[in-house]
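A structural walkthrough
The primary structure of each chain is shown beneath.
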Protein chains: 2
Amino acid sequence: MSWRVDSASIDDLARGAAVLGTGGGGDPYIGALLAKRAIAEHGPVTAVRLDELPEDALVLTVAMMGAPTVMVEKLPGLDEVMGPVRALGTYLGRPVTHVACAEAGGVNSTIPIAAAAALGLPLVDGDGMGRAFPELQMVLPTLYGVSASPLAFSDEKGNVGVLQTVDNLWTERIARVAAVEMGCSIMISGFAMSGAQARESLVDGSLRQCIDLGAGIREARELKLDPVERVAGLLGGRELFSGKVVDVQRGTTSGFARGTARIDGAGELTLRFQNEHLIAELDGRTLATTPDLIMVLEHDSGEPITTEGLRYGQRVRVLAAPSDPRWHSEEALAMVGPRYFGYDIPAHRFDGTVSAVHA
Amino acid sequence: MSWRVDSASIDDLARGAAVLGTGGGGDPYIGALLAKRAIAEHGPVTAVRLDELPEDALVLTVAMMGAPTVMVEKLPGLDEVMGPVRALGTYLGRPVTHVACAEAGGVNSTIPIAAAAALGLPLVDGDGMGRAFPELQMVLPTLYGVSASPLAFSDEKGNVGVLQTVDNLWTERIARVAAVEMGCSIMISGFAMSGAQARESLVDGSLRQCIDLGAGIREARELKLDPVERVAGLLGGRELFSGKVVDVQRGTTSGFARGTARIDGAGELTLRFQNEHLIAELDGRTLATTPDLIMVLEHDSGEPITTEGLRYGQRVRVLAAPSDPRWHSEEALAMVGPRYFGYDIPAHRFDGTVSAVHA
């Protein structure tokens, strides 16, 4: 059954997306603003379940690429959000039928809503990760042989490009340097998929899940229950740690927001991130790693905190939750496991077990 | 009258192009190899004068972009040379009728010959500079309002991109970072022009001039005359300095081969270059600068020496010659004058006079 994404659901959705953003994906407030503005101007968006997609659909992802820290100062307009979808539709010479989220996380859950509203297209209730990851090729469709290219990109000045690359890592490499040169934040559209390919390779129901997570936090607050516990329950995850942020080191390098945060509590928890949280270590012992989800929530309100929102003195709780199981295959771990990011450790699952796969 | 570029003329043409390359443009031997291979496989190329171009021609430039130092190790194949022209033709949805040189210099005078031969297209006897310059936007067509984009680029791996930018400087910026990421050497095609636009904005007869220069050097050697004097005469230039190379500093930064060379003779001559020679100073006094041509030739043989070919101990002579007069307008000097390259001096003409234009 298709359903409607209206303005009233955007705050819940944006907050839930910030949870699944696992520290990345940018300021949910900005993403919500953009989606609300698009819905106010163009009406609500029809969300379509994966099993409703026609076989011959032409589904394109749309997303922001760059350092989310930059986007806070450079809010995209609706023309900018539509730009790459239109450019890619023209390049492909076929009408685009659906827009989809590349990731479930932060602005990249709400930008596709804005794009779908402005373009008058339905939105797929699903995404390419079931969480957020920092690089373009890190989506399940890559594992199913879906090409990221042709990929269109555009900036707020009106510069547009279309890439056709030999693999999805090359799309990432060329689009990333273009993004850095173009001001560290561009809009991209790619991963052209048929309905059948989308059904096979996307994570089902992630927009609905974002709304459920956001609503869960809101309702728990209203009922004076524990929002953090509610999030852990909805995601089948667990609380790793509770404490106070005592140090945050970060820098924007090569178009990414990279850094570490230290949290003081019953011991010291270290978080290592590249846009998203990648590793949680307690006194030097690894508790959880990518691809499982590591999330930082404000201690009492359960408000998700992005890596750029981390500040000295914040009282926070750190959760871990399972990723889509497909992220734990050998091929997937080679793409998103700790070793890809330069940490010579195996993947640690949210429950503390260690992956047997040596990717 | 159209004429034929055959294999027998390639060595002269490549040597002449290396002279006009003013230190840049890469190894003429490599460019000649590529053009000869293409002519051997596909037959000679028809060179068309600017006044013969039909009004409704679709002329595209084709060139190598990147650090020529890299291309020495990475000889492009014919498929690679044709790649961006084909991609751009497809993007434009119209048949390309002519290929043109963006610059008269080094490999970028011979790559269009290879492209024209392999594609079975006529080649315009003209180019966008009348010399070589290091950046993509630095062509006379930019001054005549011709857009560099859509611009197609491709590498030897099979990665292709098409850019549509707001101005030619943005085409340079995005293509440049892509070139660096793609291995510091890519093929590009752009500056789509009608016959009328090409007639208005290109430098006429520069292929013929390259052959005349190369033949002039060869003949002077055969007749035991002075090849360097011959080059100076053909270009209407003068000899600035004669001496021995005593120091060369260079590095490949941001995709360019940047550096300085010092030559010891009657005083010390310093050359400053970014792919091409930009400034010649004698004991700290500026003798000549961009946009006029500064060329280094081997002392006796008159063999042109590229900046990457400069070595300690070489006996050389340094010539200066006038550029196309259109390069001395205020708008042109803002694009290619010394100040653009970071030197706070006015343009010095080859004859030692100083430009009145304060660009």
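Everything below is about the structure shown above.
First things first, this report covers the structure right here in the doc. (Residues numbered from 1 in each chain as written. Chains lettered and ligands numbered in written order. Predicted model: local features only at pLDDT ≥ 70, side-chain atom pairs only at ≥ 80, totals over all residues. Heavy atoms only, no water.)

1. Quick notes on the overall build of chain A
Counting its regular elements, chain A contains 11 helices and 16 strands. Relative to the compact-globule value of 21 Å for 359 residues, chain A shows a C-alpha radius of gyration of 19 Å, a close match. In terms of overall dimensions, chain A has C-alpha extents of about 60 × 45 × 35 Å along its principal axes. Here chain A, with 359 residues, has 61% of them falling under the buried criterion. Side chains of chain A carry 31 positive and 45 negative charges; the gap between the two charge centres is 3 Å. (Helix = DSSP H or I, 4+ residues; strand = E, 2+ residues; numbered from the N terminus. Rg over C-alpha atoms; globule rule 2.2 N^0.38 Å. Buried < 20%, exposed > 50% of the residue type's maximum accessible area, 1.4 Å probe, protein only. Lys, Arg positive; Asp, Glu negative; His and termini not counted. Charge placed at Lys NZ, Arg CZ, Asp CG, Glu CD.)

2. Digging into helix α2 (residues 28-42) of chain A
Residues and elements named next belong to chain A. An ideal rise of 1.5 Å per residue puts 21 Å on 15 residues; α2 measures up with 21 Å between its terminal C-alpha atoms. Residues Pro28, Ile30, Gly31, Ala32, Leu34, Ala35, Ala38 and Ile39 constitute the buried set of α2. Gly43, located one to two residues past α2, shows a positive phi value of around 90°. (Expected span 1.5 Å × (residues − 1).)

3. Some details on the relation of the copies chain B and chain A
Two copies of the chain are present, and they differ by a rotation about an axis and a shift along that axis. For these two chains of identical sequence, chain B goes onto chain A by a turn of 180° and a shift of 0.0 Å along the axis, with RMSD 0.0 Å. Each copy turns onto its partner about a two-fold axis. When each C-alpha of chain B is compared by its distance to the rotation axis, Val162 of chain B comes out closest, at 2.5 Å. Taken as a fraction of all interface residues of chain B, those also at the interface in chain A reach 100%, which identifies the copy contact as same-surface. (Least-squares fit on C-alpha atoms with pLDDT ≥ 70 in both. Contact = heavy atoms within 4.5 Å.)

4. Remarks on the interface of chain B and chain A
Contact with chain B, which involves 19 residues of that partner, is made by 19 residues of chain A. Here chain B and chain A share an interface that buries about 1700 Å² over both sides, 62% of which is from carbon and sulfur atoms. Taken together, the links from chain B to chain A amount to two salt bridges. Breaking the side of chain B that touches chain A down by element, the ones donating at least two residues are β7 (160-164) and α7 (168-181) of chain B. A per-element tally of the side of chain B that touches chain A places α7 of chain B first, with six residues. Of the residues contributing to the side of chain B that touches chain A, the split by class is 11 nonpolar, five polar and three charged. When strand β7 (residues 160-164) of chain A meets β7 of chain B, the two strands line up antiparallel, connected through five bridges. Paired with Leu163 of chain A across the strands is Gly161 of chain B, a residue of β7 of chain B. (Buried area = accessible area lost by both parts, 1.4 Å probe. Salt bridge = Lys/Arg side-chain N within 4 Å of Asp/Glu carboxyl O. Nonpolar A, V, L, I, M, F, W, Y, C, P; charged D, E, K, R; others polar. Pairing = 2+ DSSP bridges.)

5. So, the packing of aromatic side chains
For the coordinates displayed, the defined rule picks out four aromatic pairs over all chains. With centroids separated by 5.4 Å and ring planes inclined at 85°, the aromatic side chains of Tyr340 of chain A and Phe341 of chain A adopt a geometry described as edge-to-face. Of the residues examined, Phe341 of chain A reaches a relative accessible area of 12% and is grouped as buried. One cation-aromatic arrangement involves Arg208 of chain A over Trp3 of chain A; the distance from NZ or CZ to the ring centre is 4.6 Å. Note that Arg173 of chain B overlies the ring of Trp170 of chain B, its terminal NZ or CZ placed 4.1 Å from the centroid. (Phe/Tyr/Trp six-rings, centres within 6.5 Å; stacked < 30°, edge-to-face > 60°. Lys NZ or Arg CZ within 6 Å of the ring centre and 35° of its normal.)

6. Looking at the layout of surface pockets
A volume near 290 Å³ is recorded for the largest pocket. Lining the largest pocket are 13 residues, with Tyr91 of chain A together with Ala87, Thr90, Tyr91 and Val162 of chain B positioned closest to its centre. Contributing elements (two or more residues each) for the lining of the largest pocket: α4 (78-92) and β7 of chain A together with α4 (78-92) and β7 of chain B. At four residues, the largest contribution of residues to the lining of the largest pocket is made by α4 of chain B. Looking at side-chain class alone, the lining of the largest pocket contains eight nonpolar, five polar and no charged residues. (1 Å grid on protein atoms, 1.4 Å probe; cavity = no way out; pocket = protein on both sides within 12 Å on 5 of 7 lines; lining within 4 Å. Points joined across faces, edges and corners; volume = space filled by probe spheres on them.)

7. Topic: the side chain of Thr290 of chain A
All names here are of chain A. Position of Thr290 relative to the elements: it lies in the loop between β14 (285-289) and β15 (293-298). Exposure remark for Thr290: the relative accessible area of 0% places this residue in the buried category. A distance of 2.7 Å separates a polar atom in the side chain of Thr290 from the backbone oxygen of Val336. Residue contacts for Thr290: discarding those within four places in its chain leaves Arg131, Phe133, Leu278, Val336, Gly337, Pro338, Phe341 and Ala347. (Polar contact = N/O pair within 3.5 Å; in protein donor to acceptor, adjacent residues only side chain to side chain.)

8. Observations concerning the state of the cysteines
Tallying each qualifying case throughout the model produces zero disulfides over all chains. In this model Cys210 of chain A remains outside any disulfide bridge; the closest cysteine sulfur is found in Cys101 of chain A, 7.6 Å from its own. (Disulfide = S-S within 2.5 Å.)

9. Notes on the sheet that holds strand β10 (residues 238-253) of chain B
Residues and elements named next belong to chain B. Reading across from one edge, β14-β13-β12-β11-β10-β16-β15 is the order of the seven strands in this open sheet, with antiparallel pairing throughout. Each edge of the sheet is formed by a strand with only one pairing partner; in this case those strands are β14 (285-289) and β15 (293-298). Going from strand to strand, the sheet's axes swing by 35° on average, the running direction of each strand aside. (Axes fitted to C-alpha atoms, helices over the stretch in contact; angles between N-to-C directions.)

10. Some points on the pattern of salt bridges
Counting across every chain of the model gives 42 salt bridges over all chains. Arg199 of chain B is paired through a salt bridge with Glu55 of chain B; the nearest N and O atoms lie 2.6 Å apart. With Arg199 of chain B in helix α8 (residues 195-201) and Glu55 of chain B in the loop between β2 (45-48) and β3 (59-66), the pair connects residues that are 144 residues apart, well separated along the chain. Among the charged side chains, a network of salt bridges with common partners joins Asp12, Arg218 and Glu222 of chain A.

11. Some words on the pairing of strand β16 (residues 315-321) of chain A
Residue and element names in this part refer to chain A. By the criterion of burial, β16 is predominantly enclosed, with six of the seven residues buried. Taken together, the six bridges between strand β10 (residues 238-253) and β16 define a ladder with antiparallel strand orientation. Within β16, the position partnered with Arg238 by the bridge is Ala320.

12. A short note on the environment of Ala100 of chain B
Residues and elements named next belong to chain B. Mapped onto the fold, Ala100 is located in strand β4 (residues 98-101). When the C-alpha positions of Ala100 and Ala192 are compared, they lie 9.9 Å apart, and in sequence the two are 92 residues distant. Residues in contact with Ala100, not counting those within four places in the same chain, are Val59, Leu60, Thr61, Val62, Pro112, Leu123, Val124 and Leu202.

13. A look at the environment of Ile188 of chain A
Residue and element names in this part refer to chain A. You can see Ile188 is positioned in strand β8 (residues 185-193). A sequence separation of 111 residues divides Ile188 from His299, and the C-alpha atoms of the two residues are 35 Å apart. Contact partners of Ile188, with chain neighbours within four places excluded, come to Thr61, Val62, Ala63, Met65, Pro84, Leu136, Leu151, Ala152 and Phe153.

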